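# Structure at a glance
Each chain is listed here by its residues.
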Amino acid sequence: MNMPPETGVRAAAAALVLIFALIPTLGLQEYWIYILTIGFFYAVLASSWSLLVGYVGRISFAHAAMAGLGAYTSAMASTRLGLPLYASIPLAALVVGCVGLFLGRICLKLHGAYLGLTTIAFSEIFRIAVTAEHGFTRGSLGLQAPGFFATNGRAQYYYLFFIFLLCVLGTMWLLLRSRIGLYFAAIREDEDAAASLGVHVVRWKVMAFAISSMIAGLAGAFYAHFVQLVAPSMMSLQEMGLILSMAVIGGFQNIFFAAIGGVFLEVLLELMREIGGWRMTIFGLAVMVVLRYAPNGLVGELIRISYRHVRGWVT
Amino acid sequence: MSQIAVACVEKRFGGLVALKDVSFTVQAGEMVGLIGPNGSGKTTLLNVLSGFYQPELGEVHYDGRTVNGLEPHQLALAGLTRTFQVTKIFRRLSVLDNLLVPGLTEWTSSRKTAVAEANRILQELGLDHLAGEMASNLSGGQSKLLEFGRVMMLSPKVILLDEPFGGVHPTLKTLMHEVVRGWNAQDITIVLISHDMGSIFDLCKRVLVLHNGALIADGPAEEVRRSPRVVEAYLGTKSVRAV
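Residues numbered from 1 in each chain as written. Chains lettered and ligands numbered in written order. Predicted model: local features only at pLDDT ≥ 70, side-chain atom pairs only at ≥ 80, totals over all residues.

## So, the overall build of chain A
- Secondary structure summary: chain A contains 14 helices and 2 strands in total.
- Taken over the C-alpha trace, chain A has a radius of gyration of 20 Å; the compact-globule value for 315 residues is 20 Å, and the two agree within 12%.
- Seen through its C-alpha atoms, chain A measures out along the principal axes to roughly 70 × 55 × 35 Å.
- Looking at chain A residue by residue over its 315 residues, the buried ones come to 45%.
- Counting contacts in chain A only where the partners sit at least 6 residues apart, residues at least 24 apart contribute 78% of the total. (Helix = DSSP H or I, 4+ residues; strand = E, 2+ residues; numbered from the N terminus. Rg over C-alpha atoms; globule rule 2.2 N^0.38 Å. Buried ≥ 20, exposed ≤ 12 C-beta atoms within 10 Å, placed from the backbone. Contact = placed C-beta atoms within 7 Å.)

## Description of the environment of D97(B)
Residue and element names in this part refer to chain B.
- As for its position among the elements, D97 is in helix α3 (residues 95–103).
- In this structure D97 comes out as buried when scored by C-beta crowding, with 21 C-beta atoms within 10 Å.
- Linking D97 and G132, residues 35 residues apart in sequence, is a C-alpha distance of 8.5 Å.

## Focus on the sheet that holds strand β5 (residues 65–66) of chain B
Residue and element names in this part refer to chain B.
- An order of β2-β1-β4-β5 is seen for the 4 strands of this open sheet, with the pairing classed as antiparallel. The sheet terminates laterally at β2 (16–27) and β5, the two strands that pair on one side only.
- Across 2 bridges, strand β4 (residues 57–62) lies against β5 in antiparallel orientation. Among the inter-strand pairings, Y62 is bridged to a residue of β5, identified as R65.
- Sheet strands touched by helix α1 (residues 42–49): β1 (2–13), β2 and β4. Its angle to β2, the strand with the most contacts, is close to 65 degrees. (Pairing = 2+ DSSP bridges. Axes fitted to C-alpha atoms, helices over the stretch in contact; angles between N-to-C directions.)

## Regarding the interface of chain A and chain B
- Facing 16 residues of chain A, the contacting portion of chain B comprises 23 residues.
- Going through the elements one at a time, α8 (179–189) and α9 (191–196) of chain A are the ones with two or more residues in the side of chain A that touches chain B.

## Comments concerning unusual backbone geometry
Residues and elements named next belong to chain B.
- Positive phi, close to 50 degrees, is recorded for D21, a residue that is not glycine.
- When you line up the elements, D21 lands in strand β2.
- Judged by local crowding, D21 falls into the partly exposed class, with 14 C-beta atoms found within 10 Å.
- Of note in the backbone geometry, D187 takes a positive phi value of approximately 70 degrees without being a glycine.
- Here D187 shows up in the loop between α6 (170–185) and β8 (189–193).
- The exposed category is assigned to D187, around which 11 C-beta atoms lie within 10 Å.

## Side note on the pairing of β4(B)
- Direction of pairing for β1(B) relative to β4(B): antiparallel, over a ladder of 5 bridges. Paired with V6(B) across the strands is V60(B), a residue of β4(B).

## Focus on the pairing of β2(B)
Residue and element names in this part refer to chain B.
- Where β1 lies against β2, 8 bridges are found, and the strand directions are antiparallel. What sits directly across from I4, in β2, is V26.
- In this antiparallel pair of consecutive strands, β1 and β2, the connection spans 2 residues, and G14 shows a positive phi of 60 degrees.

In structure tokens form, the structure reads like this:
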């Protein structure tokens, strides 16, 4: 049978979605259901980071901080202001989107190392401020947040995060297939050429930052009401490094590859728990190797090799 | 009414004066050549006209209004567009998508119409068989044609061409000449920078000459070709004396 490669990829993606949808019914330990739920959270972060880096060509190390900001905003809005979660979570997304808009605007003229360093500075300022502000955020003790459900059923949270991930990926996919996606790609390829053809480069660079941040904030808000305790450590540079590793190892030039990287590395992180801090060292090395030898990430490389073999069989 | 009017424009980069007191006008539907030795300020002038650089002094008028301070995308949407000396195609996009970027910059434009227009232009340029190909796979000449196709998508009133014939095969160059003549026949104003004097004198009736940032000649092509100042600027004083 001569099946086009795209059909094969779509079939594999559908199979993956089906497998993840069935996992809680397969008798897997609750602990692993919990780990996969966290994996979905990281998948949202890694894919929204790849939206900015892979599709628009703008680097940011403030993604973990944006997730933290979303988590704190929703936790505080629900505990201090008494807002229901269906109001506090959109509020968190809106606040983080606005902060992303502001950060995107001040970073507009910055590129490469300067842009990266500015986002690191923002991230650290925010983390330190949250840690220091005991009265408001309870500092490193962490802030409690109400849960989504009355009972802490793992499967309920699993499906909530799974559907959330699918919705985020679907929305980003539609965005990237629209004319806005075309503007993003044009800006990534050449800003001057894009501008000379009528693309409002400033607007779309800032919007990309805001959209990517808003998704991170939304993920952070969901996370807060899942783990029910928000701490400044979720905004650390180590967390940012983890998100970066997930996106790069999965493949940061494709939101779906990055998402798979998120789930895969979270599971791997747990499997390698016994080696403790060495896990991050290994991930760091893996990032370097992948960037050098498989710039499309492991998922991209896997698909490329599969194509080659399928073509070999057909011919 | 002149389509482009440049009045006493000065552009500096630190201590370097790249353009000094440059003034000229270009009428609607005119095709003007812009020549000068390397470093004379030709591309800087094009960058000023297309909004990439803002002049320190002087004014640029387009279609009767001052456009100082306008961004390149605003000028492009107003019908003033350009190509680049070093081809700037979107390498990781398909040939068709390269054309759809300018085709979809207006929010009112429909994708269906843009795709139809892009396919028509690709056919006109002989690139229709490459529509789905990644732009990175195109040859140098095909990339130049793709740049031509992209500016056509904007239905421009003015096209600024920066060295469009550099390194292009003679057969392809002939095709590009035809395309440029076709634009001009549709009353599109063209400012053409080229080191290829054959192309300049073949296509343009009027030529502007820049030297060290100053406009040293502006007139009919034949007159400019014989101007001692222009010959001196290109060959140097000693060479001219020897000739």
